[in-house]
Amino acid sequence: MMKTGNPKVVFLNTKIKGLKSINISISHCKEYAIAMVIVQAD
């Protein structure tokens, strides 16, 4: 059974100094998904 819902990214034990933005792109292919996360910081 497939679950549906909103995507979520969790950064564990990570502090990003000067964080400006986070861009998350998710692509689905059958039952798999690929996520690309771009973090912009100073």
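The structure this text deals with has already been given above.
Quick notes on the rules
Residues numbered from 1 in each chain as written. Predicted model: local features only at pLDDT ≥ 70, side-chain atom pairs only at ≥ 80, totals over all residues. Heavy atoms only, no water. Helix = DSSP H or I, 4+ residues; strand = E, 2+ residues; numbered from the N terminus. Buried < 20%, exposed > 50% of the residue type's maximum accessible area, 1.4 Å probe, protein only. Contact = heavy atoms within 4.5 Å. Patch = residues over 30% accessible without salt bridge, like charges linked within 9 Å, V, L, I, M, F, W, Y side chains within 5 Å. Areas by Shrake-Rupley, 256 points an atom, 1.4 Å probe, with all protein chains shown as cover. Salt bridge = Lys/Arg side-chain N within 4 Å of Asp/Glu carboxyl O. Pairing = 2+ DSSP bridges.

1. Describing the overall build of the protein chain
If you tally the helices and strands in the protein chain, you get zero helices and two strands. Looking at the protein chain as a whole, 0% of its 42 residues qualify as buried. Considering only intrachain contacts with a sequence separation of at least 6, the fraction spanning at least 24 residues in the protein chain is 22%.

2. Thoughts on a nonpolar patch on the surface
Where nonpolar side chains cluster on the molecular surface, the patch consists of Val-9, Phe-11, Ile-16, Leu-19, Ile-22, Ile-24, Ile-26, Val-37 and Val-39 and spans about 640 Å² of accessible area. The set of elements that each furnish at least two residues to the nonpolar patch consists of β1 (19–29) and β2 (32–41). Here the nonpolar patch takes four residues from β1, the largest share from any one element. Secondary-structure assignment places Val-37 in strand β2.

3. Thoughts on the pairing of β2
Bridge count for β1 against β2 is ten bridges, and the pairing is antiparallel. Across the sheet, residue Asn-23 finds its bridge partner in β2, namely Ile-38.

4. Section: the pattern of salt bridges
In this structure the tally under the stated criterion is one salt bridge. A salt bridge links Lys-20 to Asp-42, with the nearest nitrogen and oxygen atoms 3.2 Å apart. Linking Lys-20 in strand β1 with Asp-42 in the segment after β2, this pair joins segments that are 22 residues apart in sequence. Considered together, Lys-20 and Asp-42 belong to a single accessibility category, that of exposed residues.

Everything listed is a geometric property; what it means functionally is a separate question.
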